[in-house]
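For reference, the chains in residue letters:
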Amino acid sequence: MGHLEKYDDVLARDPMAAFGLVREWMRTEWRELFAELRERRPVFVTPVFTVVTRFADVTEVLSLEEVFSVRAFGPRLDAALGGAFMLARDGTAMNWREKGLMQYLLDPDDAAEVRAMAGRLADEALDAAAPNGKIEVVHELFRPVALGVCAEYFGFPGPDAATLSRWSRTIIADCFANYLGDPAIQAASVEAGTQMIAHLREQLALRRSGEARSGDVFSRLAATGCDDERILINMAGLPLGFVESAPGAMVEATEQLLLRPEVLSQAVHDDDFDRYVWEALRFNPFFKLLPRICERDHELSGTLIPAGTFVLAAAASAMFDADVLAEPESFRLDRPRHHQLFFGHGHHACVGVHPARVVICEAVRRLLRRPGVHVIEGVARSNGIFPDRFVLGLEA
Ligand code: HEM
């Protein structure tokens, strides 16, 4: 029996159990489920949410910010940060202005320098672990690289790396994984955000009193003449955009490459390594679903989505849509960038894409270039989303 038959069967008896089935399949059998949905029910309506699975429909949802808003998580982000943040605002002057400002400050011309920084941080972590003959890559390699880039490039080390790491996980877990709105998780997020903003406020005052560092993103932002509150909130947005998603993508791409030894042995000798990372990530993207609320009735692929519907734009499904991608089940290195949705699409497309791309690829490359890398313990994920443990063997 296919997923849809099982779903329809359970739905007739217990709608909430049917919803639970879909939620579980989206974690564990997403490729099979989405393949069936794209073919048979591309706009899949459940009692709790509607999943949009085809490339054209996913990009339509993400392009129409006035119809499909970020109200699904925006208010939580604002609450954590104690003010408005661009990712929580659709079609506003504030989003337009601040996104433009942050695009300017996260200068694409920094990419080579940021790549070298990520490579150095990765090599330091790998050299430290090599004598043990193994490394737990989430906490000993990928998070330290992301936190190191936060410290050096963004100019935001936090009080210490562990605290910054905890703040970002606590806020992201509420905004993107607290589906049932658990008030304790929400309260923890507000507390973490309040501490983060208070810490940044002290750091801004120190910079203003002459202990300034120059060149990092914090210094650039502080020099813009923006209102202090805007500086603090946009600074807080940097680790929030990065500390979970970059290590998440690094783990998923690494796992997929290790599953393909022939591809991997070719990749490590190829000067154009990055394309292997993006194609590998397509087989398990860190962001599979982008949540939206439908603000007014809208028709997609012949299905009416009523106002008020919680919509999940399945970017992971779109990247397997045979109407757009040639041989989607094959690992191919010639895929054009506009078929990749790892950094979103349209109005809220990722502002950190340039540094993020080079950091992810370089950290993975430095790891996989080491001789004899092999899996000792497979990936363990908390909440089914955040990679928390992945132990690899290294040649000592
Ligand atoms: C330098 C690091 C990063 C920063 C500063 C950053 C920041 C942001 C911000 C501020 C937005 C919202 C833009 C808007 O509302 O207009 C955004 C969107 C997004 N980012 Fe990033 N990000 C970073 C890295 C990443 C990484 C590593 C990934 C995934 C691998 C990622 C995936 C996304 C996605 C999918 C969206 C769209 C969200 C949506 O449409 O709901 N970002 N990012």
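Preceding block: the structure.
A few points on the structure. If you're wondering where the values come from, they're calculated on a predicted model, not measured in any experiment.

Definitions and cut-offs
- Residues numbered from 1 in each chain as written.
- Predicted model: local features only at pLDDT ≥ 70, side-chain atom pairs only at ≥ 80, totals over all residues.
- Heavy atoms only, no water.
- Axes fitted to C-alpha atoms, helices over the stretch in contact; angles between N-to-C directions.
- Helix = DSSP H or I, 4+ residues; strand = E, 2+ residues; numbered from the N terminus.
- Left-handed = near helix turned anticlockwise from the far one by under 90°.
- Contact = heavy atoms within 4.5 Å.
- Donors = N, O, S within 2.8 Å, 3.2 Å for Na, K, Ca; no water.
- Buried < 20%, exposed > 50% of the residue type's maximum accessible area, 1.4 Å probe, protein only.
- Pairing = 2+ DSSP bridges.
- Nonpolar A, V, L, I, M, F, W, Y, C, P; charged D, E, K, R; others polar.

### Concerning the packing of helix 8 (residues 137–154) against helix 17 (residues 353–368)
- At their nearest, the axes of helix 8 and helix 17 sit 11 Å apart, and the two run at 140° to each other. In this structure, helix 8 meets helix 17 at a crossing whose hand is right-handed. Taken together, the residues of helix 17 that come into contact with helix 8 (itself represented by Val-137, Leu-141, Phe-142, Val-145, Val-149 and Tyr-153) are Pro-355, Val-359, Ala-363, Val-364 and Leu-367.

### Thoughts on the coordination of the iron atom of the ligand
- Just one protein atom donates to the iron atom of the ligand; it is Cys-350 (SG), sitting 2.3 Å from the metal.
- With respect to the helices and strands, Cys-350 occurs in the loop between helix 16 (315–318) and helix 17.

### Points about helix 15 (residues 274–282)
- Within helix 15, 8 of the 9 residues are buried, which leaves the element mostly enclosed by the surrounding structure.
- The set of residues buried in helix 15 consists of Asp-274, Tyr-276, Val-277, Trp-278, Glu-279, Ala-280, Leu-281 and Arg-282.
- In this structure, the buried residues of helix 15 make contact with helix 3 (30–40), helix 7 (111–129), helix 13 (245–258), helix 14 (261–267) and helix 17.

### Comments concerning the sheet that holds strand 8 (residues 310–314)
- Strand order in the open sheet made by the 5 strands is 1-2-8-5-3, with mixed pairing throughout. The open sheet has two edge strands with one neighbour each: strand 1 (43–45) and strand 3 (68–69).

### Structural notes on the packing of helix 2 (residues 15–28) against helix 3
- Contact pair helix 2 / helix 3: the axes reach a minimum separation of 6 Å and the direction vectors enclose 115°. Every residue of helix 3 that contacts helix 2 at Val-22, Trp-25, Met-26, Arg-27 and Thr-28 is listed here: Trp-30, Leu-33 and Phe-34.
- The class makeup of the residues in the contact of helix 2 with helix 3 is 6 nonpolar, 1 polar and 1 charged.

### What about unusual backbone geometry?
- Its identity is not glycine, yet Ser-301 carries a phi of approximately 45°, on the positive side.
- In this fold, Ser-301 is placed in the loop between strand 6 (298–300) and strand 7 (303–305).
- Given a relative accessible area of 40%, Ser-301 falls into the partly exposed group.
- Non-glycine residue Glu-327 carries a positive phi angle of around 40°.
- Counting through the fold element by element, Glu-327 comes out in the loop between helix 16 and helix 17.
- Exposure remark for Glu-327: the relative accessible area of 47% places this residue in the partly exposed category.

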